[in-house]
Amino acid sequence: MELDRPVDELQFYVNGKKIVEKNADPEMTLHYYLRRKLGLTGTKLGCAEGGCGACTVMVSRFDVFQKKIIHYSVNACLAPICSLHNAAVTTVEGIGSTTTRLHPVQERIAKAHGSQCGFCTPGFVMSMYTLLRNNPKPTMEEIEETFQGNLCRCTGYRPILKGYSTFAVNSDCCGKAITTDCCMEKNKTVPTCCKTKGSHDTHCLNRDKTNPADLVTRLYDPSEFKPLDPTQEPIFPPELQLHQKLLQKSVLFRGERVTWIQPSNLGELLELKFQYPTARLVVGNTEVGIEMKFKDMLYPVILAPVCIPELKAIQQTETGITFGGACTLTFIKNVLQKAVEKFPEYQTETFKAVLEQLKWFAGEQIRNVAAVAGNIMTASPISDLNPVFMSAQCKVTVASKDGTRAIRMDRNFFSGYRKTVVKPHEILLAIEIPFTKKGEFVSVYKQSTRQEDDIAIVNSAMRVLFREGTNTVEEIRLCYGGMSEKTALAQTTCETLKGREWNEALLEEACKLIAKEMTLEPSAPGGMVEFRRTLAISFFFKFYLTVLQKLSRYLNKNNNYIEQIPPSWISATELFHRDPPSSVQLFQAVPPGQCVEDVVGRPIMHLAAEKQATGEAIYCDDMPHFENELYLAVVTSTKPHAKIIAIDPTDALKMPGIVDFISAKDVPGSNLTGHLCFDETVFAEDTVTCIGYIIGAILADTQPHARRAAKAVKITYEELKPIITIQEAIENESFFLPIRKLEKGDIKQGFEEADHILEGEMHMGGQDHFYMETHCTIAVPKKENGEMELFASTQAASATQGLVAKALGVPSNRIVCRVKRMGGGFGGKESRTTMLSTVVAIAAHKAGRPVRCMYDRDEDMLITGGRHPFLGHYKVGFMKNGKIVALDVTYYSNAGNSMDLSIAIMERALLHMTNAYQVPNTRGVGYMCKTNLSSNTAFRGFGGPQAMMIAECWINDIALTCALPADQVRFLNLYKEGEITHYNLKLENCTVQRCWEECLAISDYHNRQKYVEEFNRQHRWRKRGIAVIPTVFGLSFTVRLLNQAGALVHIYKDGSVLVTHAGTEMGQGLHTKIVQIAGRALQIPADKIYISETSTNTVPNTSPTSASVSSDLNGMAVYNACQILLQRLKPFKEANPSGTWEEWVIAAYIDRVSLSATGFYKTPEIGYDFEKSEGMAFSYMSYGVACSEVEVDCLTGGHMNLRTDIVMDVGFSLNPAIDIGQVEGAFVQGLGLFTLEELRYSPEGFLYTRGPGMYKIPTLGDIPLEFNVTLLRDSPNSKAIYSSKGVGEPPLFLSSSVFFAIKDAIAFARADSGITGPFRLDSPATPERIRNACVDQFTKMCPSANPGTFKPWAVQV
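Just so we're clear, the structure is a prediction, and the values are computed from it rather than from any experiment.

Participant: Quick question: what am I supposed to make of the packing of helix H31 (residues 1110–1135) against helix H32 (residues 1141–1150) here?
Facilitator: The axes of two packed helices give the description: the angle between them and the distance between them. Contact pair H31 / H32: the axes reach a minimum separation of 9 Å and the direction vectors enclose 115°. The pairing of H31 with H32 is recorded here as roughly perpendicular in orientation. In this structure, the crossing between H31 and H32 has a hand that is right-handed. Between H31 and H32, the contacting residues are Leu1129, Phe1132 and Lys1133 on the first element and Trp1141, Trp1144, Val1145, Ala1147 and Ala1148 on the second.

Printed below as a string of structure tokens:
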């Protein structure tokens, strides 16, 4: 085929409409096409690498090989539009809308409160919709599996799964009253329960004396949901069913840089591969798409072999099942599942191994399109499937123009890093997965940071064949991923074990051989060297035990051959089994007689939930393009600390579509920027102080052009020595000033009186915000008097306005900043958004045209910073009974390269350094380390979680030292009503002890603790742990001037009300609560009230929406405005007492009474002086307690969250659905902080973890199997609007209960190895840290290299 022939027209359907694209660009993704060409913005972009699911759509095709219509979910961010030829695409807009009819899938996620910020919601909707198109009656297991590729950062997943469980055939959502005993009252963790909807007076928890009848469990009524009617779904376009025509001719598309060819037959494909040996074959684009976007690789010719029968074929032979190379992983899974059911068990060992690996292979969207040949030929050293294929010695058939040849996947198949023995002009035609024989056993293992949708740290496939009727090894193959630059076979070990009997002597020798053969250099890429080596041995130990069990059955329990497995070891062979989660939400009903129209205290739906579920909700980048709009891409530093010698954009400016390059010389006002001080620059001038520092920006006609050109800008540096870690900062005394100190009592005397003094240290890692919507700004210059309008995804509209005005050299009154909504914030959009906004504004000013920029996920993570890592040194004095008498703690935070908000974060840390405990003598000192990392910033909790985590660490150490139960020590020291904190605040209405007692009762803690101890006595390699953790969190900004808010309320002549306030909506339900507040204040139905946006030209000088006080401050400001308006309406109501709201309003208008009012509120008596240690730090305190139970695999470091019970004091809840959602969302975000999410840096400060591929936030599979939340009843708060309390941040720390449950389990494991007493476990408790802490004979075989003798791959910052 000639590449210069005319291109073909791309034809496909979108939401039933035929699309004909005459100039299809192979580099354009479906996501970009939908949003920019068709204006369908419901499909979101969260990561651009197929790792978050926000871009999920459904693709439908007539499969000519299966001869049926198939529907499957795909990641639009990876799918090239050229791959959609003759396909039908359905987006979230295509299944329902608020203006016509919501689809049941959209309705249920909205009404079940499963949409908070809403940015991920269309992806969940389309994943569920696709499942139902294929199976209208799915099981709960199938629903959970379909969401493996979807991430949510807000909800904690529980409401999403609960709402969609109503579609399941085996749902626990029966809606019936329960009269039998509830499993929650039993002394064990059971994942199925009566904890479903129904009559709350018969619910098990309400029969408990701690739960009076005014506590209810019903957040919504599932009986109101519309039924699913599969017959009403859109039909597949009949034109696309004319499948005979689809295979008749090849298709060619050509773009600026890439040509895409879809050959029609195998001969044509082989001829093309001969002509273009470097051409890549693409089926799902799950690897090539990543390489082209993130690795800057370019493949000028792409071959798409999706219509070639030989590559789609399956064939069963006497020796196994052969799959064509283009068969997708989902297709292979379905075929192998049927084969396992059909064939004798002994023949399907390898099939089951493949299925086990596919269960955890990426997400459903990837499995649906990824081809088996692509997985093999990618030759990833951590491939999940290649070790299985190698262990089975699968036969692959490769083809070329010259013919075919068969190759065994043995240890020589992978010739190097991402290389195979397949020649450049050959293609992988097929793979045969063989049957196994009698006496042949296969097991697979994989350990990753997170179980679902995660790449392996180490994986393994192990196969052994015994001589017939014996336990003598005839053949054995131990294959590993993650232990070399390629999939590796433990050749020496395998050769040595041949002919040996399967007994303890073999086990002992095999472990020694593996330890010797599976070695890694101390500085090996990926790090975690000791952990990886230990896993290699631990996996074999598991395999050994598993084979012993299978041998026993195979040899009919012939005890002459088989050694007996100790009963306590059997659990080592078991995989974690996850049953569908269950949950209870308990909250206090509104008082009897409350007006129906008064929705305060009722669990009403988030006001934008339905729009979010249909894709109609508009986020910043969803706004239609302005005329002559340009796209901006930033140019950032690649060095952590360096002088800039030269900036050369020449090559970039020559590229297609490029308009200009912007740098410091283009700033019309001040290049200085910052928040608490101006210690940053908008653009780097002479020096860069971190990787990711913005040096300049490219303006172009399209986003792809801008990003390509930004990478072409050449920067010349003179490198300077960087400081990366806290330890390096301490050694170099690199600190920001001031150094904060907080003291109370006589610390010297306290230590003298103590029976014991304990010292320790803990490091707590940082965390990326991973809001689903990255930073985005659109700047529109008005060309008059320096006016500019900004549309930004920011929590701080006024700060954005002020810093943009400063950079442009104009007064703030020329800049308007508007915020409609954000796709999550969590503090990450409080201060760091201004860096992008100022750059975009300067570019728009210079160009005189609208400019837009939305960071890619990798840019966002690199540039914007995250939660501060903390190092804490503590010295604590205590009595024999565990009573604490003195505490001396020193904190070091890694602030990064600028001050940002670090001083306020350190101050809050010092204010929370005792968490919930009364310590009479305290001293806390806080150092902010100045390093060459991107500046760290605000994050939910704002320093509180770091300090409280270190506090719980020393509490735990005290319990271990005194050999006392940890809950006993915690309760002994717990704050009591009227006590004075270490910052001289008297605790009023202190409910922490009430929360504690209710949590213990609801969780059945003491009985379950006994069960945990019994479980651990019976299991050597699996351990359970349980922990109860309190939190006391102060509510108010620690910066006094921020404790204020304004509001503007308009009443229109028709009686409708428009409210504007100082807060921004980021999914936390602030606008919903404000509407509820205004409704009660004005005594009108909430549906008469509307909030459009937050804008600086309506409410000026706004504080950031943060600190969990936005409902408090803005609610009171709105209330104030409403009271002013009610006073104005009072004469008209008195004159016409039987009149309607509309009549009173029009009467006032006729009488020329103003129907617009501003409101204002400032928190009274607030303000703390750290220098003098006096004043009121917080308006009030929030309290909560959580009990969590986990199970740990001591051999791998993996763990499962079995159950969590939370009791949270939120005062009188304004909206229980929103508040419970905040509790659950904060808890799961904290779960990530304390157990999963690890930012990994090179010694030079390069961030490895820049997207969901390497940075793992919790998935649905990480939430506790039982997840119960109770809002404390009868706990009014006189300090906030309608007796409520702020709820966004306080619950986050409760997820540390999972961390300490893990630590409890580790302590049991260590005790079995003869080790007792305190031990260090840094946060997060990753599998690596857990496994290394569970010291045993296997960890001792893999000693650590001496520090200083090698350069580590990653450092702890």
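Next comes the rest of the write-up.
Participant: I'm lost on the sheet that holds strand S25 (residues 658–662) in this one. Help?
Facilitator: Sheet strands pair by backbone hydrogen bonding; their relative direction is either parallel or antiparallel. The eight strands are arranged S25-S29-S23-S36-S33-S34-S35-S44 in an open sheet whose pairing can be described as mixed. Strands with a single pairing partner mark the edges of an open sheet, and in this sheet they are S25 and strand S44 (1094–1095). Pairing of strand S33 (residues 776–781) with strand S34 (residues 788–792), which is carried by five bridges, proceeds in the antiparallel orientation. The residue bridging Val780 from the neighbouring strand is Glu789, located in S34. Set on the sheet, helix H19 (residues 703–710) makes contact with strand S23 (630–636), S25, strand S29 (694–700) and strand S36 (851–854); between it and S23 the angle comes to about 20°. In the packing of helix H22 (residues 797–808) onto the sheet, contacts are made with S34 and strand S35 (815–819), and the angle to S35 comes to roughly 145°.

Participant: Would you mind showing me how to read the sheet that holds strand S30 (residues 714–719) here?
Facilitator: With antiparallel pairing, the three strands of this open sheet are ordered in space as S28-S24-S30. Looking at strand neighbours, the two that pair on one side only are strand S28 (687–688) and S30, the edges of this open sheet. For strand S24 (residues 642–648) and S30, the ladder comprises six bridges, and the chain directions are antiparallel. The residue bridging Lys643 from the neighbouring strand is Glu718, located in S30.

Participant: What exactly am I supposed to notice about H22 here?
Facilitator: Since there are 3.6 residues in each turn of an α-helix, residues three or four apart along the chain are aligned in direction. Between the first and last C-alpha of H22 there are 16 Å, a value that for twelve residues agrees with the 16 Å anticipated at 1.5 Å per step. Most of H22 is tucked away: nine of the twelve residues are buried. Those residues of H22 that fall on the buried side of the exposure criterion are Ala797, Ser798, Thr800, Gln801, Leu803, Val804, Ala805, Ala807 and Leu808. The first or second residue beyond H22 is Gly809, which carries a positive phi of 75°.

Cut-offs used in this document
- Along every chain, residues carry numbers that run from 1 in the direction the sequence is written.
- For this predicted model, a pLDDT threshold of at least 70 governs which residues receive local features, and a threshold of 80 or more governs which side-chain atom pairs are given and counted, while totals over whole chains, interfaces and linings are taken from all residues.
- Side-chain measures were taken over the full set of non-hydrogen atoms in the model, leaving aside hydrogen atoms and water.
- For helices, the fitted line uses only the C-alpha atoms of the stretch in contact; every axis is such a line through C-alpha atoms, and the angle between N-to-C directions lies from 0 to 180 degrees.
- Each helix corresponds to a stretch of at least 4 residues labelled H or I by DSSP, and each strand to a stretch of at least 2 residues labelled E; elements are numbered beginning at the N terminus.
- For classification purposes, an angle smaller than 35 degrees is called roughly parallel, one larger than 145 roughly antiparallel, one from 65 to 115 roughly perpendicular, and anything else oblique.
- By the definition used in this description, the sense in which the near helix is turned from the far one sets the handedness, with an anticlockwise turn below a right angle giving left-handed and a clockwise turn giving right-handed.
- We call two residues in contact when some of their heavy atoms are within 4.5 Å.
- For two strands to be treated as a pair, DSSP must find at least two bridges joining them.
- Take the number of residues in a helix, subtract one, and multiply by 1.5 Å to get its expected span.
- Think of it in three bands: with a 1.4 Å probe and only protein chains considered, a residue is buried below 20% of the maximum accessible area for its type, exposed above 50%, and partly exposed in between.

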